[in-house]
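Structural characterization, general
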Amino acid sequence: MVHERGSNGDPNSKQYAILEESSFQVMSSMELRGIDTPRLEWSGDCLVIGLFEDDVELSGDLAELDRKFNGVLSELIAEVEFKGKEGSTAVTRTGTLPKKVAIVGLGKADGLKLDTLRRSAAAVARLGKREKAKTLGISLPVWNSDRVQTAQTIGEGIELALHQDNRFKSDTEEKGSKLETIELLGLGGQDAALTCARQIALGVILARELVAAPANIVTPPVMAATAEAIAREYGMDIQILEQEDCEKLGMGAFLGVAKASDLPPKFIHITYRPEGTPRKRVAIVGKGLTFDSGGLNVKGAGSGIEMMKTDMGGAAATLGAAKAIGALKPDVEVHFISAVTENMISGHAMHPGDILTASNGKTIEVNNTDAEGRLTLADALVYTENLELDAIVDLATLTGACVIALGDDIAGMWTADESLANQLAQAGETAGEKFWRMPMEEKYFDGLKSGVADMKNTGPRPGGAITAALFLKQFVKETPWAHLDIAGPVWADKENGCNNAGATGFPVRTLVSWVLS
Ligand code: BES
Ligand code: MN
Ligand code: ZN
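A brief structural summary. In this text the structure is predicted, and so the values were computed from the model without any measurement.

What counts, and at which threshold
- Residue positions are given per chain, counting from 1 as you read along its sequence in written order.
- Lettering of chains starts at A and numbering of ligands starts at 1, both following the order in which they are written.
- Only residues with pLDDT of at least 70 are given local features in this predicted model, and only at 80 or more are side-chain atom pairs given and counted; all residues enter the totals for whole chains, interfaces and linings.
- To obtain the side-chain values, all non-hydrogen atoms of the structure were included, while hydrogens and water were left out.
- For the purposes of this entry, the term helix denotes a DSSP run of H or I that reaches at least four residues, the term strand denotes a run of E that reaches at least two, and both are numbered from the N terminus.
- To estimate the expected span of a helix, count its residues, drop one, and scale the result by 1.5 Å.
- The buried label applies to any residue whose accessible area, calculated with a 1.4 Å probe on protein chains only, is under 20% of its type's maximum; exposed applies above 50%, and partly exposed to all values in between.
- Atoms of type N, O and S within 2.8 Å of a metal are treated as its donors, and for Na, K and Ca the window is 3.2 Å; water is not considered, so some sites may appear to be missing partners.
- Only C-alpha atoms enter the line fits that serve as axes; for helices the fit covers just the stretch in contact. Angles between N-to-C directions range over 0 to 180 degrees.
- Angles are sorted into four bins: roughly parallel if under 35 degrees, roughly antiparallel if over 145, roughly perpendicular if 65 to 115, and oblique for all others.
- Helix crossings fall into two classes, left-handed where the near helix is turned counterclockwise from the far one by less than a right angle and right-handed where it is turned clockwise.
- We call two residues contacting when some pair of their heavy atoms lies within 4.5 Å.
- Residue polarity follows a fixed list, in which Ala, Val, Leu, Ile, Met, Phe, Trp, Tyr, Cys and Pro are nonpolar, Asp, Glu, Lys and Arg are charged, and the others, Gly among them, are polar.
- Buried residues of nine kinds, namely Ala, Val, Leu, Ile, Met, Phe, Trp, Tyr and Cys, make up a nonpolar core once their side-chain atoms join them within 4.5 Å.
- Domain start and stop points were drawn from an automatic or database domain assignment.

Some remarks on helix α7 (residues 191-212)
Residue pairs three or four apart in sequence face the same way in an α-helix, which turns once every 3.6 residues. Relative to the 32 Å expected for 22 residues at 1.5 Å per residue, α7 spans 31 Å between its end C-alpha atoms, a close match to the ideal helical length. Counting buried residues along α7, 17 of its 22 residues qualify, which places the element largely inside the surrounding structure.

What about the environment of E306?
Inspection of the secondary structure assignment puts E306 in the loop between β10 (288-292) and α11 (313-328). Relative accessible area serves as the criterion here: at 61%, E306 is assigned to the exposed category.

Notes on the coordination of the manganese ion (ligand 2)
Metal coordination angles in their ideal form are 109.5 degrees for the four-donor tetrahedron and 90 or 180 degrees for the six-donor octahedron. Coordination of the manganese ion (ligand 2) by the protein involves D292 (OD), D370 (O), D370 (OD) and E372 (OE), with metal-donor separations of 2.1 to 2.2 Å. Between the manganese ion (ligand 2) and the zinc ion (ligand 3) the interatomic distance comes to 3.2 Å, and D292 is a ligand of both metals. One end of the pair, D292, is in strand β10; the other, D370, is in the loop between β13 (363-365) and α12 (373-385), with 78 residues separating them in the sequence. Its relative accessible area of 3% is what places D292 among the buried residues. Taking relative accessible area as the criterion, D370 reaches 22% and is therefore assigned partly exposed.

Quick word on the packing of α7 against helix α16 (residues 508-516)
Contact geometry of α7 with α16 gives a least axis separation of 9 Å together with a crossing angle of 140°. Of the possible angle classes, the one that applies to α7 and α16 is oblique. Of the two elements, α7 crosses α16, and the hand of that crossing is right-handed. Between α7 and α16, the residues in contact are I200, G203, V204 and A207 and V508, R509 and V512, respectively. Classifying every residue of the contact of α7 with α16 by side-chain character gives five nonpolar, one polar and one charged.

Focus on the nonpolar core
Counting residues in hydrophobic clusters, the biggest one holds 65 residues, and the most contacted among them are M223, I270, I284, V334, F336, V393 and W514. Among the elements that make up this core, the one with the highest residue count is α7 (ten residues). Two domains share this core, each providing at least three of its residues, namely domain 1 (37-187) and domain 2 (214-516). Setting aside residues no more than four positions away along its own chain, M223 makes contact with L210, V218, I268, T290, M312, A315, A316, L319 and V340. Grouped together as the second largest cluster of nonpolar side chains are 47 residues, C246, L255, A339 and A396 included.

The structure is reproduced here in structure tokens:
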């Protein structure tokens, strides 16, 4: 297959082809299944038991298991003073078969959270890998008597924790044996839920790998080629609008940002259509800056400019969600949209102070070229609203101000629609991804008033994430709409739950859960 490359003849750009194979191929050789073998009878390399906090006394079949292992299980609990604290693990040899037994803490039994299972499963998968187990048996409780949701969540935790991105390392030989089979005890017959988990994980992993790959690999043409590959794989419609198409639609805001780049902008629109009449019709719109230098308001030293390859995190999650939805085939029509470009510097660059006209006719005074995401989203939102859908959700690494407000783990959510707010909150809870509703404080729009145009693109520093949301609001008239500022959670400095250090794939799981709900 021939792809349009970011820059012809660049020996570095060949590496992007790895995106199609992805590190996931390696991982998918691992088999994950549910079985109903009792804990006492399971055989394999390492058996893992989940234990609640303040309930680490071994009774019933666990007492029997302890006897079978000549007391090493109770010894282990005493020796490491195991209290069942969420995420804590311990492992020991049994002297018999299975060779090893491990315990994982689940926190308080009361109000067990779905995400606790996901995090515990992730911890257990990492333990299995560390212990070089080929076969791992995992016994965790069922959440809320819901075996389907339990199996799906545990599956996600395992698959995502085991994902390792070695695309850019030349020596990736792993030593010792690899996890071959993971069996979930008590979850026999849940193969469909585990398949669903894997399809969601594949979407999350795609998003992670797009975000983690640098800007010389993941360029706007590579984003478009990736979208095309996904659409082809799942038989979805796709339209890539080229610069001329965007010009015809009057997308002056998007194209203003794209002006200084040597790479062509790409406006991506994938459509998933179910068979029969869709239950609802929605859009997911992602900010897609493959690099954000700041433009002529260039990002200085200490600004984190070297992390600005992550500024297409919204678009990456949009494509990740498209991949998962394409595989899961729900009865919902979903549009996946992103205006993809780079924010660069050159003699063609927009100047600070330029006035741009968006595709809805509104004029924007660009008082800061580094507030570029909202310019690209303006035209993407106008385009999306013309599709006359039931709801639009945009996701964007939009502001440093949102990171200051909510930190690295929590995304900001802005919406005037209570129902959409509740749906997304519920989806986030199920997915184990955190959102905090922020105010759409209309009065703050004063900060965006311009003397020469309809609005400025940048307000004062205080409330910077709120004025960004208010700016976007000018481009959505009546469709129920929510804006998610994901600047913090797209990247993790250290391992956390099922996220490994690096790109997280946030919020693919929430988006999928929302579409399915
Ligand atoms: N892509 C950045 C936002 C960002 C900052 C994402 C840090 C991830 C980490 C965005 O385009 C930007 O530069 N925003 C400016 C806006 C300002 C000029 C109004 C910011 O947040 O400083
Ligand atoms: Mn910027
Ligand atoms: Zn940006």
